[in-house]
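Coordinate inspection notes
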Amino acid sequence: MASINFSKVVKQYEGAKEATVKGIDLFIRDKEFVVLVGPSGCGKSTSLRMIAGLEDITDGTVTIGDVVVNNLPPKDRDIAMVFQNYALYPHMNVRENLSFGLKLRKFPRSEIDKRVEEAAAILGLTEYLDRLPKALSGGQRQRVALGRAIVREPKVFLMDEPLSNLDAKLRVQMRAEIKKLHQRLKTTFVYVTHDQVEAMTMADRIVLLHEGIIQQYDIPAVIYEKPANVFVATFIGSPPMNIFKVNRTDKGLSMPAKDGNGNHSWDMAVNEHFTGFDDKELFMGIRPEHILIDNQDKSVPTLQLPCRVDLIEPMGAETYLYLVGNGHSINARVDPTVRVQVGQQVTAHIPVAAFHLFKQSDTRRIARKNEGGA
Ligand code: ADP
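Here is what the cut-offs are and how they apply
Residues numbered from 1 in each chain as written. Predicted model: local features only at pLDDT ≥ 70, side-chain atom pairs only at ≥ 80, totals over all residues. Heavy atoms only, no water. Pairing = 2+ DSSP bridges. Helix = DSSP H or I, 4+ residues; strand = E, 2+ residues; numbered from the N terminus. Salt bridge = Lys/Arg side-chain N within 4 Å of Asp/Glu carboxyl O. Buried < 20%, exposed > 50% of the residue type's maximum accessible area, 1.4 Å probe, protein only. Near = heavy atom within 4 Å. Polar contact = N/O pair within 3.5 Å; in protein donor to acceptor, adjacent residues only side chain to side chain. Areas by Shrake-Rupley, 256 points an atom, 1.4 Å probe, with all protein chains shown as cover. Nonpolar A, V, L, I, M, F, W, Y, C, P; charged D, E, K, R; others polar. Core = buried A, V, L, I, M, F, W, Y, C linked by side-chain atoms within 4.5 Å. Contact = heavy atoms within 4.5 Å. Domains from an automatic or database assignment. Buried area = accessible area lost by both parts, 1.4 Å probe. Axes fitted to C-alpha atoms, helices over the stretch in contact; angles between N-to-C directions.

1. Concerning the sheet that holds strand β16 (residues 302–314)
Spatially, β15-β19-β16-β17-β18 is the arrangement adopted by the five strands of the open sheet, whose pairing is antiparallel. The open sheet has two free edges, formed respectively by β15 (292–293) and β18 (328–334), since each of these has just one partner strand. As judged from the two bridges shared by β15 and strand β19 (residues 345–351), these two strands associate in the antiparallel manner. Along β19, the bridge assignment pairs Leu292 with His349.

2. Some thoughts on the pattern of salt bridges
Tallied over the entire structure, the rule returns 16 salt bridges. Between Glu153 and Arg115 there is a salt bridge, with the nearest N and O atoms lying 3.5 Å from each other. Here the residue Glu153 occupies a position in the loop between α4 (138–150) and β7 (156–160), and Arg115 occupies one in helix α3 (residues 109–123), the gap between them amounting to 38 residues. Taking relative accessible area as the criterion, Glu153 reaches 42% and is therefore assigned partly exposed.

3. Considering the site of the ligand
The ligand sits among Tyr13, Thr20, Pro39, Ser40, Gly41, Cys42, Gly43, Lys44, Ser45 and Thr46. A distance of 3.0 Å separates an oxygen atom of the ligand from a polar atom in the backbone of Gly43. For the ligand, an oxygen atom lies 2.5 Å from a polar atom in the side chain of Thr46. When isolated, the ligand has an accessible area of 560 Å², and the protein chains bury 54% of it. Along the lines of polarity and charge, the residues of the shell around the ligand split into three nonpolar, six polar and one charged.

4. Some points on the nonpolar core
Counting 44 residues, the largest nonpolar core has Leu146, Met159, Ile178 and Tyr191 as its most contacted members. Among all residues touching Leu146, those that are not within four sequence positions of it are Val82, Leu123, Met159, Met174, Ile178 and Leu181. With 32 residues, the next largest nonpolar core counts Trp266, Met268, Ala348 and Val352 among its residues.

5. Description of the domain arrangement of the protein chain
The domain boundaries assigned to the protein chain delineate domain 1 (4–231) and domain 2 (239–359). Taking only C-alpha atoms, the centre of domain 1 and the centre of domain 2 are 40 Å apart. Taken together, the contact between domain 1 and domain 2 spans six residues of the former and seven residues of the latter. Between domain 1 and domain 2, the buried area comes to about 500 Å², and carbon and sulfur atoms account for 64% of it. Considering only the surface of domain 1 that becomes buried against domain 2, Tyr224, Pro227 and Val230 emerge as the three largest contributors, covering 86% of it. Joining domain 1 to domain 2, the criterion identifies zero salt bridges. Applying the counting rule to domain 1 against domain 2 returns two residue pairs in polar contact (both at pLDDT 80 or more). Looking at which element gives the most residues to the side of domain 1 that touches domain 2, the answer is helix α7 (residues 220–225), with three residues. Broken down by class, the residue content of the side of domain 1 that touches domain 2 amounts to four nonpolar, one polar and one charged.

6. Here's the deal with the sheet that holds strand β5 (residues 67–68)
Here we have four strands laid out as an open sheet, ordered β2-β1-β4-β5, and antiparallel in their pairing. Each of the sheet's edge strands pairs with one partner strand only, and the pair in question is β2 (21–28) and β5. Together, β1 (4–11), β2 and β4 (59–64) form the strand contacts of helix α1 (residues 44–52), whose direction differs from that of β1 by roughly 120°.

Quick look at the structure:
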């Protein structure tokens, strides 16, 4: 059993004015792949290092399985960690790099050989066992670093930005390999990254951290479709969700112009779609891929906004449009068959079923009527 539990965990570094991790509660199930994601400095590595035993815990408890590990030395925690800077021993070949940790722990020769052969087979390194690190590609070296963790057969794998030194193509490949590794090893993985694409593609569940506080903890689809607040909504997704200040009026919604040209108003029975709020001051959020340009399909109810096309970025499979409407900049991701010109006037359609509302007061998401709760 290698579940991990954080109970009211606080980390305050010596001399720091405020805590880096501010009382987080988190339960990671046995065999789950959980990704800690958030902007630089939000406390991801600190949280991971507290699981590893590389940082003291200021307050609260961290439990691995059913053991409180606050005072347990790292070597007794049955974890293995892979870092961004996975320095291999340059004078040792791959086999020696893989076996070194087990030798130190005085494993019998036959057991070391067995584990090294198995790890090499899993990682496709069998034919490179006699090579020195300098004769390996970046991806192969990263696999050796993973192999050093695998041979330990730990209950928990901890990974801190393990792919950030690799080039973009290799990152995509290793991302898939690590995910397959998890499926094969059936062990708990906790993975730290600042890259929201890695989080979305790899995680069973995502922990989104900001300033030492968990903003949301859920499966990727829920994080994307029901972001708990404006921070989550704009952190996950590229280009990010468009966010506009709007006001609720007697008739519906109005959007104050950014360029001082008055409000743009929509008649809409807000109550029919959203529930559980009295606020008048709101944020509207709409993902770029949900915006329709000059929509002709009247069966899709939309809010309409006249816009000017400012910039077009063809990406091949899709096109990014940068629009200006009511003084606001708006990103849209459209099908490449949508033909528009820079400077052209278009109508951006915001499907009623697709936009989000958040409270301006605390930026929290307002629930839709049909979704049953938050
Ligand atoms: P992340 O991994 O999300 O980028 P970290 O957990 O590394 O963030 O760091 C969070 C904050 O804690 C940062 O502001 C950082 O400067 C601070 N911090 C990290 N390590 C130490 C340390 N050893 N001493 C003092 N402050 C630290």
